[in-house]
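# Observations on chain architecture
Residue strings, one per chain:
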Amino acid sequence: MALFKEQLDHLRQAPRRWGLTGVAGFIGSHLLQTLLELDQEVVGLDDFSTGRAFNLADVRGQVGEERWRRFTLIEGDVRDPEACRRTCEGAWRVLHQAALASVPRSIENPLLTQQVNVGGFLNILLAARDAGVGRVVYASSSAVYGDGPTQPKVEADLGIPLSPYGLSKLMDEQWAALCDRLYSQSAIGLRYFNVFGPRQDPEGAYAAVIPRWIEQLRAGRACTIFGDGETSRDFCYIGDVMQANLRAALAPPGTPSRAFNVARGEATSLNQLHQVLREGVEARIPGLGCVEARRVAPRAGDIRHSRADLRQIQEVLGFAPEGTVAQGLRDTLDWYLAQGR
Ligand code: NAD
C-alpha cells in the first residue's frame, strides 16, 4: 500500500495525459473524477448512449473549475477509428470503459454488442498501439465465467458464455492477449463483478439491482426478488474499482496482459442486500423501509452464486479491497437520497 501511495504522489507531481472511454457512464465518470483529483489531464470519449451529462456535471462540481479545465470531451463513438485515434493521441495510459454494458440488452441486440464491445475495443487497441500508449486498461466482466461451476471464480477456469455480452468480453480478452503478442501492446483486463456506488443509473429496464432497489424503496414501492433470494453476488464498491484501475495502469512494464478479477471476494445474498437497504432507508426516512419485497419466480439464465477469487490480482497488482460492502451501501444510499431523485 505504501508503494502505491508513493506512485500516486509521483503521478500528482508529474501529471500525465490519459485517454478514457465511456467517460460519461457510471464507472467512467468516477475514473474521470479520480484522475482529475490527481491533477491528471484527461481526454474522454463517449457517445452518451447510456452515459449522462449529469454525471459529468457532478464530477465538475466535485473537482472544481481549475481541475475541470484539464478535461477534454470528445463526443463520439468507439466504432469510429478516428474518434479512437483522437482519444489515444499523446496518452500515457488509456482506460477503456465504453461498452453496451447490459446482459439482457445484449441478448436483444447481439450484433450491436459485437460491434461496440469487440469492434470498438479493437479500434482502441490499434489506436493505442499507433499512438505509442504504454498500456490499455480495459473493463472486462465476471460474465466471462458463463456457466463455469467453479466457486470462487478463478481467472483460468472459464465456462461457456451465457450471453452476447459475456462472449464480447471474452473476445476482448483474447484480442488484448493477441495484440500484446503481435504488436507488444500492453493491455490489462479487469473482470468487474457487481459494481455499485453513486451515479449508477437507477432507471430503465436494464438498471442494476442496488440503484433500482434504492429508487423503489425511496418511492415507497416493493422491490422485486426473483426466486428465494438466496442467489448471491460479490458486490464491489466503486472505490475498489478505482484502485484496481490505477494499480493496473501503474504496474511495471512487463506485467502480463492478462485479465484479473475485481471484487471483494465476499458473497452477499439478495435477501441480505434487501435487508441492509431497507434498514438504511428506514433509518434515513422513517416509514419507507417497511415495505415487504415482492417475490416472483426465478429468472431464467440467472447464475445462482458468483464470487471472486482475488489471489491473482493481489499477487500481481497488489490490489486490496478497502472498507466493507455495508459501508459502501451506506455511502451509496446517502448519495442517492441526497439527490432527492
Ligand atoms: P455505463 O453504461 O454507465 O457506461 C458505459 C459508457 O460507455 C456510457 O457512458 C456510454 O454512453 C458509453 N458508450 C457506450 N457505447 C459507446 C460507444 N459506441 N461509443 C462511445 N461510448 C459508448 O456502464 P458502467 O457500469 O459504467 O460500465 C463500464 C464498463 O464496465 C463497461 O465496459 C461494462 O461492461 C463494464 N462492467 C460493468 C459492471 C458493473 O457492475 N457496472 C460489471 C462488469 C463490467
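Relevant structure appears above.
Described below are features of the structure shown in this document. (Residues numbered from 1 in each chain as written. Predicted model: local features only at pLDDT ≥ 70, side-chain atom pairs only at ≥ 80, totals over all residues. Heavy atoms only, no water.)

All right, on to the overall build of the chain then. Along the chain, the regular secondary structure elements total 13 helices and 13 strands. Against the globule reference of 20 Å for 341 residues, the chain gives a C-alpha radius of gyration of 19 Å, in line with a compact fold. Summarising its shape, the C-alpha atoms of the chain cover approximately 55 × 45 × 40 Å along the three principal directions. Looking at the chain as a whole, 54% of its 341 residues are labelled buried. Counting only contacts in the chain whose residues sit at least 6 apart along the sequence, the fraction spanning at least 24 positions is 83%. For the chain, the accessible surface area stands at approximately 14600 Å², while carbon and sulfur atoms represent 52% of it. Positive and negative side-chain charges in the chain, numbering 38 and 40 respectively, have mean positions lying 0 Å apart. (Helix = DSSP H or I, 4+ residues; strand = E, 2+ residues; numbered from the N terminus. Rg over C-alpha atoms; globule rule 2.2 N^0.38 Å. Buried < 20%, exposed > 50% of the residue type's maximum accessible area, 1.4 Å probe, protein only. Contact = heavy atoms within 4.5 Å. Areas by Shrake-Rupley, 256 points an atom, 1.4 Å probe, with all protein chains shown as cover. Lys, Arg positive; Asp, Glu negative; His and termini not counted. Charge placed at Lys NZ, Arg CZ, Asp CG, Glu CD.)

Axis separation between helix H9 (residues 209-218) and helix H13 (residues 325-339) bottoms out at 11 Å; the angle between their running directions is 55°. Regarding the angle of H9 to H13, the classification is oblique. For the pair H9 and H13, the sense of crossing is right-handed. Where H9 approaches H13, its residues Ile210, Pro211, Ile214 and Arg218 are matched on the opposing element by Leu329, Thr332, Leu333, Tyr336 and Leu337. Of the residues contributing to the contact of H9 with H13, the split by class is seven nonpolar, one polar and one charged. (Axes fitted to C-alpha atoms, helices over the stretch in contact; angles between N-to-C directions. Parallel < 35°, antiparallel > 145°, perpendicular 65-115°, else oblique. Left-handed = near helix turned anticlockwise from the far one by under 90°. Nonpolar A, V, L, I, M, F, W, Y, C, P; charged D, E, K, R; others polar.)

This paragraph deals with the pairing of strand S1 (residues 17-21). Burial runs high along S1: four of the five residues are buried. With five bridges connecting them, S1 and strand S2 (residues 41-46) associate as parallel partners. Residue pairing across strands places Trp18 opposite Val42, the latter belonging to S2. Taken together, the four bridges between S1 and strand S4 (residues 93-96) define a ladder with parallel strand orientation. (Pairing = 2+ DSSP bridges.)

Look at helix H7 (residues 110-131): 30 Å from first C-alpha to last across 22 residues, which is about the 32 Å you get at 1.5 Å a residue. Listed in full, the buried residues belonging to H7 are Thr113, Val116, Asn117, Val118, Gly120, Phe121, Leu122, Asn123, Ile124, Leu125, Ala127 and Ala128. Looking one or two residues past H7, Gly132 carries a phi angle of roughly 70°, positive in sign. (Expected span 1.5 Å × (residues − 1).)

With parallel pairing, the seven strands of this open sheet are ordered in space as S3-S2-S1-S4-S5-S6-S11. The outermost strands of the open sheet, each flanked by one partner alone, are strand S3 (71-75) and strand S11 (259-262). With strand direction ignored, the average angle separating the axes of adjacent strands in the sheet is 20°. Note: strand S5 (residues 135-141) against strand S6 (residues 187-192), six bridges, orientation parallel. If you follow Ser140 over to S6, its bridge partner there is Arg191.

Structurally, Val43 is set in strand S2. In this structure Val43 comes out as buried when scored by relative accessible area, which is 4%. Spatially, the C-alpha atom of Val43 lies 6.2 Å from that of Trp18, the residues being 25 residues apart in sequence. For Val43, the residues in contact, after removing those within four places along its chain, are Arg17, Trp18, Gly19, Leu20, Thr72, Ile74, Arg86 and Thr87.

This part takes up the site of the ligand. With respect to spatial proximity, 28 residues lie near the ligand, and among them Asp46, Thr50, Asp77, Tyr165 and Lys169 are the closest. Contact distances for the ligand include 2.9 Å between an oxygen atom and a backbone N or O atom of Phe26. Listing elements by their share of the shell around the ligand, those giving two or more residues are helix H2 (26-37), S5, helix H8 (164-183) and strand S7 (194-196). Of all the elements, S5 adds the most residues to the shell around the ligand, at three residues. Along the lines of polarity and charge, the residues of the shell around the ligand split into 14 nonpolar, ten polar and four charged. (Near = heavy atom within 4 Å. Polar contact = N/O pair within 3.5 Å; in protein donor to acceptor, adjacent residues only side chain to side chain.)

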